[in-house]
Structures are given as C-alpha cells and as structure tokens.
Amino acid sequence: MIVNKNLKAKDQIDVLYKIADIAKENKIVNCSRTYLKGLLEREKQFSTGIGNGIAIPHCRCDVVNEIEIIICALGEPIDWNSIDNEPVDLVIALAIPNKNINHEYLSIISKLARLLMDENYVNELKSFKDEKDIIRKIKSTIK
C-alpha cells in the first residue's frame, strides 16, 4: 500500500496521471500509460467518485503485477463528477492484474465503498497525520 499525503493536481485527469506514475515508480505496474488508459476507460463508464470527498478509481490490466492500493490525499479538492456532486480530496486507487481470476478485488472494492460512505469513518481516515495509521486503518477495513 502506497500513501501520498499531499498530492498536488490540477484536475481529475492529472490525479490519474500521477497515480499511474506512482504505480510505475513503485513497480506496481510495468507500464504507467497502459494502467492510466485503463483508469480513464473505467471513469468513462461511470464516475468512481462515491461521495464524502472520496474517489476509488480502479481497473484490471495486464501490466499490473499484483493487487495494490494507492492512497492520495489531495492538496486541494477537485471536481470528480461524484454522485453527491461534491469535490474529491481523498483518492483510493486500486491496481488489479487481469490474471486475478478469483475476483478478490471485488471484495476489496465492496468493503471500501461501504465503509467510505460512513462520514465518521471518512473523517477518522482523513484526520490521520501518519501514513502508517492510514495503512493500518485501510488494511483492517479490507480483511
């Protein structure tokens, strides 16, 4: 799990570009552009902005090495075409390999989405100063 506590981005596309670059730098993916293309295609289907200032962009892709989560707190909230029409300030991206035939990722997305709809949970998550606390909280959520 990768955490970036102050990602600076001008818009949704810029956030996704930066997430793809983070994934490449951390060897989560073999090709950042292919992963980015998958994220962009997923957003075209339906916005991953789930409300409460949260987005969960994700895609399955051949260039992903293993399931990984990239958490980015944005320096400034940005429009994400969220279901509640509010801007997003926390992005929890998933990189999912195409070979993930057991669909473990569906369980992860489902658990995250359910808890991230809870305003108290979101406020607690956003209040953490230490990246280790964020990782611990998310890991306990998806087990």
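Structure shown above.
Heads up: these notes are all about the structure in this document. Every value quoted in this text rests on a predicted model; they were computed, and no experiment measured them.

**Digging into the environment of I71**
Relative to the elements of secondary structure, I71 occurs in strand β5 (residues 68-78). In the structure, I71 is positioned 15 residues away from I56 in sequence and 9.3 Å away in space, judged by C-alpha atoms. Excluding its chain neighbours within four sequence positions, the residues that come into contact with I71 are M1, I2, V3, N4, L90, V91, I92, I134 and I138.

**Side note on helix α4 (residues 119-127)**
Taken together, the buried positions of α4 are Y121, V122 and L125. With its buried residues spanning 95° around the axis, α4 presents them on a single face. Those residues of α4 that are exposed and aimed more than 90 degrees away from the buried face are E119 and N120. Of the surrounding secondary structure, the elements contacted by the buried residues of α4 are β3 (54-55), β6 (88-97), α3 (104-116) and α5 (131-142). Where α4 begins, one side-chain oxygen reaches toward the backbone nitrogen of N120, 2.9 Å away; that side chain belongs to D118.

**Here we look at the pattern of salt bridges**
By the definition in use, this model includes five salt bridges. The closest approach of N and O atoms between D14 and K18, which form a salt bridge, is 3.5 Å. Placement of both D14 and K18 in helix α1 (residues 12-25) is noted, with a separation of four residues, approximately one turn of the helix. Across the pair R33 and D21 runs a salt bridge, and its minimum N-O distance is 3.8 Å. Of this pair, R33 sits in helix α2 (residues 32-45) while D21 sits in helix α1; the two residues are twelve residues apart in sequence, bridging distant segments of the chain.

Scoring rules and cut-offs
- Every residue gets a number counted from 1 within its own chain, in the order that chain's sequence is written.
- At least 70 in pLDDT is required for a residue's local features to be given in this predicted model, at least 80 for side-chain atom pairs to be given and counted, and no such filter applies to totals for whole chains, interfaces and linings, which use all residues.
- Side-chain descriptors were evaluated using all non-hydrogen atoms of the structure, hydrogens and water having been removed beforehand.
- Only DSSP runs of H or I with at least four residues qualify as helices, and only runs of E with at least two residues qualify as strands; both kinds are numbered from the N terminus onward.
- When checking whether two residues touch, look at their non-hydrogen atoms; a contact exists if any pair is within 4.5 Å.
- Relative accessibility thresholds used throughout: buried, under 20% of the residue-type maximum; exposed, over 50%; partly exposed, between the two (1.4 Å probe, protein chains only).
- As used here, the arc belongs to the directions running from the helix axis to the C-beta atoms.
- Between N or O atoms, a polar contact is any pair within 3.5 Å; within protein, one atom must be a potential hydrogen donor and the other a potential acceptor, and residues adjacent in sequence are included only when both atoms are from side chains.
- For this analysis, a salt bridge means a side-chain nitrogen from Lys or Arg found within 4 Å of a carboxyl oxygen belonging to Asp or Glu.

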